[in-house]
Amino acid sequence: MVFFCSWIHRFRSSSKPIYTNLINSFSRKLPTNQAVGSENIQKPFAKSFLPLALALILDCLLLISKSKSFGGKGSTDYVVKGSHKEVPQELIQELKAICKDNMTMDYDERYFHGKPQNSLHKATNIPDVIVFPRSEEEVSKIVTSCNKHKVPIVPYGGATSIEGHTLSPNGGVCIDMSLMTRVKSLNVKDMDVVVEPGIGWMELNEYLEPYGLFFPLDPGPGATIGGMCATRCSGSLAVRYGTMRENVINLKVVLANGEVVKTGSRARKSAAGYDLTRLMIGSEGTLGVITEVTLRLQKIPQYSVVAMCNFPTIKDAAEVAIATMHSGIQVSRVELLDEVQVRALNLANGKNLPEVPTLMFEFIGTEAYSREQTLIVQKIALEHNGTDFVFAEDPEAKKELWKIRKEALWACFAMQPNFEAMITDVCVPLSRLAELISRSKQELDSSSLVCTVIAHAGDGNFHTVILFDPNQEKQRKEAERLNHFMVHTALDMEGTCTGEHGVGTGKMKYLEKELGMEALRTMKRIKTALDPNGIMNPGKLIPPHVCL
């Protein structure tokens, strides 16, 4: 197939002069009042049309072959089979001059960077070189050299993403940002901070705590600010504070040609020009490499209460989450766990929580206000069959409860240590959440696989962790079937295939149904304009069958 596609490309290219001659011949010899298709058209037109027609037919065949390739609409493969060419020795010497000792071609290091930690997605190739820049200037020089030699680039942060974002399907250069972790400036009065992309959100909040400030987004442990921007992540606090889109003031980004672009000022709002900040947030490294981020901060709440409540069914729990949002109470967290997920948490942490569908809430404000909110939600829960409503105010008890919730994914592996996990990330309008979770839960419970449900119920986003034996093809197909069911059900409810995890390689196949081909072609045009050589994180985000 690779040879066939290559041959088609050569044939198509060779047909361009024929096409040009055809147009010239047509415009020269066709009278202005003569309709196309008239029998008096000159013979050179007919002779030139045959190779062009063959080229167009072969183009169509190529398009069909692409749509069934990795990431196309019919794709069920999890191993990206990219093309690979040797990195020029000249580029390696240039990288050594830029990075000095902060680069490696060690196989173990390259293999580690080529396999995401928590993702079932894989690639046949791994990066050829790993570089560890220390400054924006070094990133710019690295990208400039790679663009000159047309060698692929894959930005690398905390490697906590699960959709294959950091795979290197075509080899190339992996830019590990782990040495760029500085807090460049903290503006306490303005409640913002300027950081380099390699700093983790947890480390940042440790730095901010003495100032009474915090950054409110809380994805998985280990995530870095740069990667969080690239995937447009959120977390359990998004129901109150929004996603990464709302919490980034501006960025500095190195484009494919090495130019450094600052996307905006430090003002809290601006109507000046295109919103380049939002364009880059969620672009997954396909448009540029983020080198600096200005973040909006929040005051650490004066007081908080964490509450838990049990329910007979997961639908009851989801309906309480919706009713709570409709009540006007500004909760900071509303998390839903099904009974299987609670069982996993008990097993992994030695706890004895009731193994039933459970809601976890967090209320913040003054002590009186937080308690008032707690009592209102307790009443709502009791009206929907809620039982065992308990709450914690002790700081250590609250921290322990959220720590357990944050480690939910690792807790699942306690049930099946040698299995892999397929993780869904659907999100629907809030009014459809109870229906979607209920229908999904019926499908999951009827499956032979172990499946758990975890939801950010306050904003309509929920995950399922589907555990399967990677050596059993039947189990893999069953996991894929469940995944397809939930994604397509969510899309039919005007939802999305990914609320916070991003597209990477794993979700490309769903984008045409969700966004439409016109939107995907627009994305392709933006990508082509900013990255004409296609070096920036190739094989991600935009499906391969999208052509201009």
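Residues numbered from 1 in each chain as written. Predicted model: local features only at pLDDT ≥ 70, side-chain atom pairs only at ≥ 80, totals over all residues. Heavy atoms only, no water.

Named according to an unreviewed UniProt entry, the protein is D-lactate dehydrogenase (cytochrome) originating from Penstemon davidsonii.

Engineer: Would you mind going over the side chain of serine 140 with me for this structure?
Structural biologist: With respect to the helices and strands, the residue serine 140 is situated in helix H5 (residues 136-149). Accessibility expressed as a relative area gives 14% for serine 140, which makes it buried. With residues up to four places along the chain from it excluded, the contact list for serine 140 reads Val254, Gly258 and Val260. (Helix = DSSP H or I, 4+ residues; strand = E, 2+ residues; numbered from the N terminus. Buried < 20%, exposed > 50% of the residue type's maximum accessible area, 1.4 Å probe, protein only. Contact = heavy atoms within 4.5 Å.)

Engineer: What am I meant to see in the confidence of the model for the protein here?
Structural biologist: Of the residues in the protein, 86% have a pLDDT of 70 or more, and the chain-wide mean is 88. Confidence over residues 1-50 falls short of pLDDT 50; this stretch has 32 contacts with residues more than four positions distant or in other chains. (pLDDT = per-residue confidence, 0-100.)

Engineer: What am I meant to see in the nonpolar core here?
Structural biologist: Nonpolar side chains tend toward joint burial in soluble globular proteins. The biggest cluster of nonpolar side chains holds 57 residues, and the ones touching the most others in it are Leu336, Leu359, Phe361, Phe363, Ile437, Phe462 and Ile466. Counting 27 residues, the second largest nonpolar core, distinct from the first, contains Trp201, Val253, Ile290 and Val293. (Core = buried A, V, L, I, M, F, W, Y, C linked by side-chain atoms within 4.5 Å.)

Engineer: For this particular structure, what's the right way to read the pattern of salt bridges?
Structural biologist: Pairing between side chains becomes possible if they bear opposite charge and their charged atoms approach one another. Per the stated rule, a full pass over the model turns up 30 salt bridges. With a shortest N-O distance of 2.5 Å, lysine 507 and glutamate 163 are connected by a salt bridge. One end of the pair, lysine 507, is in the loop between helix H17 (473-492) and helix H18 (511-515); the other, glutamate 163, is in the loop between strand S5 (153-156) and strand S6 (173-176), and 344 residues separate them in sequence. Across the pair, exposure class does not vary: lysine 507 and glutamate 163 are buried alike. Among the ionic contacts, a cluster of salt bridges with common partners joins Asp218, Arg333, Glu362 and Lys406. (Salt bridge = Lys/Arg side-chain N within 4 Å of Asp/Glu carboxyl O.)

Engineer: Could you clarify how one ought to interpret unusual backbone geometry in this entry?
Structural biologist: Peptide bonds are, in most cases, trans, and in most cases residues other than glycine have a negative phi. Of note in this structure, methionine 191 is not a glycine but carries a positive phi near 55 degrees. Following the sequence through the fold, methionine 191 ends up in the loop between strand S7 (183-187) and strand S8 (192-195). Not every positive phi belongs to a glycine, and arginine 232 is a case in point at roughly 55 degrees. Within the secondary structure layout, arginine 232 lies in the loop between helix H7 (225-231) and helix H8 (238-241).

Engineer: Can you help me understand the environment of glycine 198 in this one?
Structural biologist: Tracing the sequence through the fold places glycine 198 in the loop between S8 and helix H6 (201-208). Remark: the alpha-carbon pair of glycine 198 and alanine 223, spanning 25 residues in sequence, is separated by 9.1 Å. In this view, glycine 198 contacts Met177, Met180, Thr181 and Thr224; residues no more than four positions away in its chain are not counted.

Engineer: Got a minute to help me understand a nonpolar patch on the surface in this structure?
Structural biologist: Taken together, Tyr274, Leu276, Leu279 and Ile526 make up a surface patch of nonpolar side chains, about 390 Å² in accessible area. Mapped onto the secondary structure, leucine 279 falls in helix H10 (residues 276-280). Looking at leucine 279, the relative accessible area reads 31%, which means it is partly exposed. (Patch = residues over 30% accessible without salt bridge, like charges linked within 9 Å, V, L, I, M, F, W, Y side chains within 5 Å. Areas by Shrake-Rupley, 256 points an atom, 1.4 Å probe, with all protein chains shown as cover.)

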